[in-house]
Structures are given as C-alpha cells and as structure tokens.
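# Coordinate analysis (summary)
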Amino acid sequence: MVKELIHDPLFLSIKAKPASPVDIPVAQNLQDTLLAHRETCVGMAANMIGVAKQIIAFLDGTVCTVMYNPVITARSKPYTAEEGCLSLPGDPRKTMRWAKITVQFQDAQFRRQKKTYTGFTAQIIQHEIDHCNGILI
Ligand SMILES: [Zn+2]
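By convention here, each chain's residues receive numbers from 1 onward along its written sequence. Thresholds applied to this predicted model are a pLDDT of at least 70 for local features of residues and 80 or more for the giving and counting of side-chain atom pairs; totals over whole chains, interfaces and linings are not thresholded and use all residues. Side-chain metrics in this entry use all non-hydrogen atoms of the structure; hydrogen atoms and water are not considered.

## Structural notes on unusual backbone geometry
Within the chain, Lys77 stands out as a residue other than glycine whose phi angle is a positive 60 degrees. Every helix listed is a DSSP run of H or I at least four residues long, and every strand listed is a run of E at least two residues long, numbered separately from the N terminus. In this fold, Lys77 is placed in strand 3 (residues 63–85). The backbone phi angle of Phe110 is positive, close to 65 degrees, even though this residue is not glycine. For each residue, the accessible area found with a 1.4 Å probe, counting protein chains only, is set against the maximum for its type, and the residue is called buried under 20%, exposed over 50%, and partly exposed in between. Assessed through its relative accessible area of 16%, Phe110 is described here as buried.

Listed below in structure tokens is the structure:
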C-alpha cells in the first residue's frame with residue numbers, strides 16, 4: 001500500500017528500532033511507496049512512511065531490494081556527494097560518502113546476508129541507513 005510521506009524533522013531524527021518478521025507488511029508498503037515515487041526517488045527508509053523500524057528499500061537499476069537491520073561493517077574511499085531527500089525539500093546538500101561499503105543485513109526472508117556495494121548503489125544505501133539512525137542530510 002502506498003503511504004503518505006513524513007516530513008517532520010523531529011520524527012525523522014528518532015533512531016529506528018530493530019525490525020522483526022512482524023514488520024514484513026511495513027516493508028511491502030515501503031516498496032509500494034518507493035515505486036510510486038520512482039521518478040524522483042531511488043531509496044526509502046521506513047521512518048519516511050511513519051514507522052521507526054530499521055528497514056530500507058532501494059532501487060538497483062529496476063530491481064527493488066529490501067534490507068532489514070542494515071549495518072555498514074566496512075567502508076573505504078571517502079568522497080563528497082550532493083544529495084537530495086524526498087522527506088526534506090530543497091536543493092541538494094553536500095555530504096560525505098564512501099565509494100565502497102560492506103553491509104550486513106537480513107534479506108526479504110530474514111536470512112542473514114553480507115554484501116559489498118560500490119558507486120551509486122552504495123551511496124543510496126548509506127543515505128537510507130542514515131535515515132534509520134535519525135541522521136538527515
Ligand atoms: Zn532521504
């Protein structure tokens with residue numbers, strides 16, 4: 001179900017709590033909402049739709065990936081990026097990102113996974129994990 005986006009910076013600054021299998025419907029709503037905004041948005045965190053749980057969804061090309069409880073366990077090659085945020089209107093803002101990251105998470109079936117990402121996909125994941133931690137750019 002497509003949900004309304006939250007723009008309240010106070011709510012978005014709350015650190016999200018760990019997700020569990022009871023949150024699977026939240027992940028579905030998150031994917032539906034992301035796909036509804038795919039023209040302007042490549043990733044979303046659950047607090048952007050009003051649920052302060054550690055769930056992110058992002059587009060890797062046309063594939064929509066969901067991660068529960070993502071944590072970055074390794075990072076390298078810092079650079080300065082410019083990013084916008086659908087929850088915070090305004091011009092893109094400068095932020096520091098890593099060109100290569102390794103993420104530990106649980107997949108759509110709640111299996112433990114560890115994957116390495118680079119480039120734009122790595123950047124999206126970092127932005128959404130920041131949302132989970134209550135960090136806004
Ligand atoms: Zn954002």
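## Section: the coordination of the zinc ion
The expected angle between donors at a tetrahedral four-coordinate metal is 109.5 degrees. At an octahedral six-coordinate metal it is 90 or 180 degrees. Shown as donors are all N, O and S atoms within 2.8 Å of a metal ion, widened to 3.2 Å for Na, K and Ca; because water is not in the atom set, sites may appear incomplete. Of the protein atoms, only Cys85 (SG), His127 (NE2) and His131 (NE2) coordinate the zinc ion, at distances of 2.0 to 2.2 Å. Positions of the donor residues of the zinc ion along the chain correspond to the pattern C-x41-H-x3-H. Linking Cys85 in strand 3 with His127 in helix 3 (residues 119–132), this pair joins segments that are 42 residues apart in sequence. Residues Cys85 and His127 agree in their burial class; the two are buried.

## With respect to the sheet that holds strand 2 (residues 55–60)
Strand pairing is defined by DSSP finding a minimum of two bridges between the two strands. The five strands are arranged 1-2-3-4-5 in an open sheet whose pairing can be described as antiparallel. Single-partner strands in this sheet number two, and they are strand 1 (43–45) and strand 5 (112–118). Strand-to-strand twist in this sheet, taken as the mean axis angle between neighbours without regard to direction, amounts to 45 degrees. As judged from the seven bridges shared by strand 4 (residues 88–106) and strand 5, these two strands associate in the antiparallel manner. Residue pairing for strand 5: Thr102 is matched across the bridge by Thr116. In what follows, a contact means two residues having at least one pair of non-hydrogen atoms within 4.5 Å. For helices, the axis comes from a line fit to the C-alpha atoms of the stretch in contact; other axes are also lines fit to C-alpha atoms, and the angle between any two N-to-C directions lies between 0 and 180 degrees. Here helix 2 (residues 24–36) sits on the sheet in contact with strand 1, strand 2 and strand 3, set at roughly 35 degrees to strand 2.

## Focus: the nonpolar core
We call a set of buried Ala, Val, Leu, Ile, Met, Phe, Trp, Tyr and Cys residues a nonpolar core when their side-chain atoms join them within 4.5 Å. Grouped together as the largest cluster of nonpolar side chains are 18 residues, with contacts concentrated most on Leu30, Leu34, Met44, Ile55, Val66 and Tyr68. Mapped by element, the contributors of at least two residues to this core are helix 2, strand 2 and strand 3. The residues touching Leu30, leaving out its near neighbours within four places in the chain, are Met44, Ala45, Ala46, Ile49, Ile55, Ile56 and Ala57. Among the nonpolar cores identified, the runner-up in size contains 14 residues, and Phe105, Ile124, Ile129 and Cys132 belong to it.

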